[in-house]
Amino acid sequence: MSVAEQPTRVFGVALKRREDPRLITGKGNYVEDIKLPGMLHAAILRSPYAHARIRSINVDAARQVPGVVAVFTGAEIAEEQNPLPYAWQAGGVQNNVNTPRALAVDEVHFVGEGVAMVVAESAYVAYDALDLIEVDYEPLPAVVDAEAATKEGAPQLHENAPNNIVFRWTCGKEQGTAQALDGAEVVVRQRIRNQRLIATPMETRGYVAQYNPATGEYTMWMSSQAPHVHRLLLTAFVLGIPENKMRCIAPDVGGGFGAKIFVYPEMAAVLYATKHTGRPVKWIETRRENCQATAQGRDHVTDIEVAGTRDGKITALRVRTYANMGAYLSTASGGIPTTLYGRMLAGVYKIPNIFCEVFGVYTNTAMVDAYRGAGRPEATYIAERAIDLFAREIGMDPAEVRRKNFIQPEDFPYDTGLGMLPYDSGNYEPALDRALELIDYHNFRKQQAEARQQGRLLGIGLASYVEVCGIAPSKYMGGQGWGAGLWESANVKVHLTGKVVVTTGSLPHGQGHETTFAQIVADELGVPYEDVIVEHGDTQGAPFGYGTYGSRSAAVGGTAIYKCVQKIKEKARKIAAHMLEAAEEDVVFEHGKAYVKGAPEAAKTIQEIALQASVAYDLPAGVEPFLDETTYYDPPNCTFPFGTHACTVEIDPETGQVKVLRYVAVDDVGNVINPLIVDGQLHGGIAQGLAQALYEGAIYDENGNLITGSLMDYAIPKADMVPHYELDRTCTPSPTNPLGVKGAGEAGTIASGAAVSNAVIDALSHLGIRHLDMPYTPEKVWRAIHQQ
């Protein structure tokens, strides 16, 4: 169906993204593109030590360099600024909070922590001057492994966190799970590592700050997923000034993947610099700085015990996880290994007894926070590896073990007993069946058996997942320690000419909001899709919004827009009734027109109604002019997308090289606004999970040096390293919101790591290999094969 054939029915239509011509032809406007009169450039001197005392800093020589305007140290900035705030008090960390300052003052706690800042007429001069700063460090012992950091005698990072433990957090049935394990027919135990990942968006972080001394107001351009949140945290907590004294603007954002949600030290540093130099200041992160100092993801060490019966019924799952939080707590870090991980460990399975224990731990590494999926990929990886380990132990096909333990459609809404809100809807078996059909599962098993006779290593892996998206409502999140609401805002205006402007508190960084949000409005309001403009990213023009992460844009932000349109339609109906000289209850509004029931030929179009509302010559009594509505939407529940992914691989026994043969994904994200955009999100998400399984991993040596500190060493996959994706969908609309949408932005990443992992282990299982930790590099796989 083309837009021309039916111009106002565009919900569910695969329209090309209207953003793309601008973005792919180099006509976007990113932070690096911001150029202000008199603008200065900042560079950060970073610690070469993972743990050290700062005895002294001498910046005299740097200040004498021609073109250097100022050099600042942490001690100077600390006189005016507070440490960065911490927003998610999950796990009882109130007394163990340690957050960074704009620059370190007395000690550094990870390689790459900022210790001084040069501000100069050009970035080249600023970076050259860094070499002239003399820092006298007293090196201290470092620890990078989360479990090792909790042992007696380990280096201590912060006095208020004995044994480096930030928190101990639990959920589930401790006693019931212990009893079920004790009495089980089968118990399988395994240690599993979920390695650390580095977020590597195409655009690194960047900030431009400008201070107006006449008004005491700041303007800040930022590569951000949540500009309203950044404004709030920077003003109220770091600077201690009124929130209305700062305007935050997020122009085009070249990818975020979670890493641009948080408040960072460099934000505070450039705000200080612009105030004290009296000129705008820009800081753009280098790729090496991105690897060292941007928040990273995952990094769990987990012991699991899964128990059940010989006929395939799982009766208990016990999980103990050491979650590496890095050297400091990032903005939302505490909620990732607790609410978003521990409470989702049941996955798609009806497991009567689950107990999860999580230790959040400080180490001498970069901060760890949300990375695409944020807790749910980690939970899915545990659940899906547990299923395969259990199936292998009892000699049952892993697909049948999944089927036997699925939560059933009649069980919804379903409470897992882990403290998460009830799953809203689901029907897991059709997604599994379709994935098995597409991958030709049973025929592949026959091919696999024949290949093994020839010495070839073929494997097939499944991952059935459920994730939580659009985290809400605010009341629930308050109980989880989140320090604010998680509603979303929108404003919709229908101008005199009938053209529509949508302003949203959500923020795109690659998701296609300008397209999908326009589709919602055009479809509901009955106007041409081309007549809808979507604006975002400026705290001065947009109603307060919590931004974009956790696959919340459509379910929360989109619903806020939908509700604005319903208000506009209701007001339009009142005005149309007056124009038609009819009783309001006799007038209906549909497909962009209002008319008296039974008389559609005398309809008034939304454009005619907008004109009447704008000129206001003749309006019903008590009706205000103009079609302009705002909504703040707080959902009654989260949404819970699900699906099954299937992957086949072949491993070269001579080299250990893993080749992905096919990748099938059957997802259920509820109603789909734009299939083309959903497919694109799934493609990108699968690539990130597959990359974790096969290539990526942040590696620190025992002294805290980041070995994978550049893209020469950190293995981002190239285009020819990812397979063709075969996608299909089932549709189980969410009852939580009127659009019936769920969330698609992270779904691919949730499932793909586990699917590829299970395929690799399946290929090696007949050799006696029960488990290997990601990533499955050729060397690791080759060694496993030849050590048997």
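All figures in this text were calculated on a predicted structure; none of them were measured in a lab.

What counts as what
- Residues numbered from 1 in each chain as written.
- Predicted model: local features only at pLDDT ≥ 70, side-chain atom pairs only at ≥ 80, totals over all residues.
- Heavy atoms only, no water.
- Pairing = 2+ DSSP bridges.
- Helix = DSSP H or I, 4+ residues; strand = E, 2+ residues; numbered from the N terminus.
- Contact = heavy atoms within 4.5 Å.
- Polar contact = N/O pair within 3.5 Å; in protein donor to acceptor, adjacent residues only side chain to side chain.
- Buried < 20%, exposed > 50% of the residue type's maximum accessible area, 1.4 Å probe, protein only.
- Core = buried A, V, L, I, M, F, W, Y, C linked by side-chain atoms within 4.5 Å.
- 1 Å grid on protein atoms, 1.4 Å probe; cavity = no way out; pocket = protein on both sides within 12 Å on 5 of 7 lines; lining within 4 Å.
- Points joined across faces, edges and corners; volume = space filled by probe spheres on them.
- Nonpolar A, V, L, I, M, F, W, Y, C, P; charged D, E, K, R; others polar.
- Salt bridge = Lys/Arg side-chain N within 4 Å of Asp/Glu carboxyl O.
- pLDDT = per-residue confidence, 0-100.
- Axes fitted to C-alpha atoms, helices over the stretch in contact; angles between N-to-C directions.
- Parallel < 35°, antiparallel > 145°, perpendicular 65-115°, else oblique.
- Phe/Tyr/Trp six-rings, centres within 6.5 Å; stacked < 30°, edge-to-face > 60°.
- Lys NZ or Arg CZ within 6 Å of the ring centre and 35° of its normal.
- Expected span 1.5 Å × (residues − 1).

Engineer: I'd like to hear about the sheet that holds strand 4 (residues 107-108), residue by residue, with values.
Structural biologist: One open sheet holds the three strands; their spatial order is 4-2-6, and the pairing between them is antiparallel. Lying at the two open borders of the sheet, with one neighbouring strand each, are strand 4 and strand 6 (134-139). As paired strands, strand 2 (residues 52-58) and strand 4 are joined by two bridges and run antiparallel to one another. Note that in strand 4 the partner of R53 across the bridge is E107.

Engineer: A description of the environment of T321 should follow, citing residues and the corresponding values.
Structural biologist: Here T321 shows up in strand 14 (residues 314-326). The residues contacting T321, other than those within four sequence positions of it, are H300, V301, T302, Y341, E357, V358 and F359. In terms of polar contacts, T321 uses its side chain to reach the side chain of T302, at 2.8 Å.

Engineer: Go over the side chain of T730, please, and point to the residues and values.
Structural biologist: Tracing the backbone through its elements, the reader meets T730 in the loop between strand 26 (725-729) and helix 19 (747-764). A residue is classified by how much of its surface remains accessible, and T730, at 19% relative accessible area, is buried. Leaving out residues up to four positions away in the same chain, T730 has contacts with P430, A431, F642, V666, D667, D668 and V669.

Engineer: Just give me the short version of the nonpolar core, but keep the residues and values in it.
Structural biologist: Counting residues in each nonpolar core, the largest one holds 187 residues, and the members touching the most others are Y423, L694 and Y776. In terms of residue count, helix 19 provides more of this core than any other element does, 11 residues in total. Other than its neighbours up to four places away in sequence, Y423 contacts M344, A346, G347, I407, F412, P413, Y414, T416, Y428, V466 and F640. In this structure, F517, Y529, V556 and A613 belong to the second largest nonpolar core, which totals 44 residues.

Engineer: Quick rundown of unusual backbone geometry? Include the residues and the values.
Structural biologist: Excluding glycine, residues mostly have negative phi values, and the peptide bonds linking residues are mostly trans. Residue P473 is reached from A472 by a cis peptide bond, and omega for that bond is -5 degrees. Take P473: it is sitting in the loop between strand 16 (457-466) and helix 14 (474-479). Looking along the chain, the bond that leaves M774 and enters P775 is cis, with omega of -5 degrees. Along the chain, P775 falls in the loop between helix 19 and helix 20 (778-786). Unlike most non-glycine residues, F257 shows phi in positive territory, near 55 degrees. By the secondary structure assignment, F257 is in the loop between strand 11 (246-249) and helix 8 (265-277). Positive phi, close to 60 degrees, is recorded for A616, a residue that is not glycine.

Engineer: I'd like a rundown of the pairing of strand 18 (residues 500-504), residues and numbers included.
Structural biologist: For strand 18, the tally of buried residues reaches five of five residues, placing the bulk of the element in the interior. With five bridges connecting them, strand 17 (residues 488-494) and strand 18 associate as antiparallel partners. Bridge pairing in strand 18 places V492 opposite V502. In this antiparallel pair of consecutive strands, strand 17 and strand 18, the connection spans five residues, and G498 shows a positive phi of 90 degrees.

Engineer: Explain empty space enclosed by the protein to me, and be specific about the residues and the numbers.
Structural biologist: Under the counting rule described, the total for this entry stands at nine cavities of 30 Å³ or more. Each pocket or cavity is described by its volume, and for the largest cavity that value is around 130 Å³. In terms of lining residues, the largest cavity is bounded by 17 residues, among which R46, F110, G114, P265 and E266 are the most central. Those elements giving two or more residues to the lining of the largest cavity turn out to be strand 1 (40-46) and helix 8. In terms of residue class, the lining of the largest cavity is made up of 10 nonpolar, two polar and five charged.

Engineer: I'd like a description of the pattern of salt bridges, backed by residues and values.
Structural biologist: Oppositely charged side chains can pair when the atoms bearing their charge come close. Throughout the structure, instances matching the rule amount to 52 salt bridges. Between R46 and E289 there is a salt bridge, with its nearest N and O atoms 2.8 Å apart. Residue R46 is located in strand 1, and its partner E289 is located in helix 9 (residues 287-293); the two are separated by 243 residues in the primary sequence. Summarising the burial analysis for this pair, R46 and E289 share the class buried. Across the salt bridge formed by K569 and E524, the nearest N and O atoms sit 3.1 Å from each other. Remark: E524 occurs in helix 15 (residues 513-525) and K569 occurs in helix 16 (residues 553-579); sequence separation between them is 45 residues.

Engineer: Before we move on, could you go through the environment of A576 and cite the residues and values that matter?
Structural biologist: Position of A576 relative to the elements: it lies in helix 16. For the pair A576 and I606, spaced 30 residues apart in sequence, the C-alpha to C-alpha distance is 9.0 Å. If sequence neighbours within four positions are ignored, A576 has contacts with V587, A594 and I609.

Engineer: Could you give me a rundown of the confidence of the model for the chain, with the residues and numbers involved?
Structural biologist: Note that predicted coordinates carrying low pLDDT should not be read in detail. Scored by pLDDT, the chain has a mean of 96; 98% of the residues are at 70 or more. The low-confidence segment residues 1-7, where pLDDT is below 50, has 10 contacts with residues more than four positions distant or belonging to other chains.

Engineer: An account of the sheet that holds strand 7 (residues 165-172) is needed here, citing residue identities and associated values.
Structural biologist: Across the sheet, five strands lie side by side as 7-15-14-13-8; this open sheet has mixed pairing. Sheet topology places strand 7 and strand 8 (186-197) at the edges, where each strand pairs with a single neighbour. For this sheet, the mean angle separating the axes of adjacent strands, direction not counted, is 10 degrees. Two strands pair when backbone bridges link them, and strand 8 and strand 13 (residues 297-308) are joined in this way by 11 bridges, in the antiparallel orientation. Bridging from a neighbouring strand, N194 pairs with H300 of strand 13. Against the sheet, helix 10 (residues 376-394) touches strand 8, strand 13 and strand 14, its axis set at about 145 degrees to strand 8.

Engineer: Could you give an account of the packing of helix 16 against helix 17 (residues 606-615), with specific residues and numbers?
Structural biologist: It is the contact of helix 16 with helix 17, at a shortest axis distance of 10 Å, that shows an interaxial angle of 85 degrees. By the angle between their axes, helix 16 is roughly perpendicular relative to helix 17. Taking contact as the criterion, the partners of A572, I575, A576 and M579 in helix 16 are, on helix 17, I606, E608, I609, Q612 and A613. Looking at the contact of helix 16 with helix 17 residue by residue, the classes come out as seven nonpolar, one polar and one charged.

Engineer: Which residues make up the packing of aromatic side chains, and what values go with them?
Structural biologist: Inspection of every chain in the model, using the stated rule, returns 19 aromatic pairs. Centroid distance Y423 to F640: 4.9 Å. Interplanar angle 35 degrees. Geometry classified as tilted. Here Y423 is found in the loop between helix 11 (398-405) and helix 12 (428-439), whereas its partner F640 is found in the loop between strand 23 (627-633) and strand 24 (642-651), with 217 residues between them in sequence. Judged by centre distance (5.4 Å) and plane angle (85 degrees), the rings of W487 and Y632 are edge-to-face. Of the two residues, W487 is situated in the loop between helix 14 and strand 17 and Y632 in strand 23; the sequence distance between them amounts to 145 residues. For Y632, a relative accessible area of 49% corresponds to the partly exposed category. Members of the aromatic cluster, each reached through a chain of ring pairs, are Y349, F406, F412, Y428 and F642. Looking at R205, its charged tip hangs above the ring of Y264, at a distance of 3.8 Å from the centre.

Engineer: Report on the environment of V306, specifying residues and quantitative values.
Structural biologist: Tracing the backbone through its elements, the reader meets V306 in strand 13. Taking relative accessible area as the criterion, V306 reaches 2% and is therefore assigned buried. For the pair formed by V306 and Q89, sequence separation is 217 residues and the distance between their alpha carbons is 30 Å. Setting aside residues up to four positions removed in sequence, V306 forms contacts with V186, V187, V188, I314, A316, L317, A386 and F390.

Engineer: Any chance you could break down helix 18 (residues 675-694) for me, citing the residues and the numbers?
Structural biologist: Counted at 1.5 Å a residue, the expected span for helix 18 with its 20 residues is 28 Å, and the 28 Å between its end C-alpha atoms agrees. Extensive coverage of helix 18 is indicated by the burial of 14 of its 20 residues. With a side-chain oxygen positioned 3.0 Å from the backbone nitrogen of L676, the residue opening helix 18 is N674.

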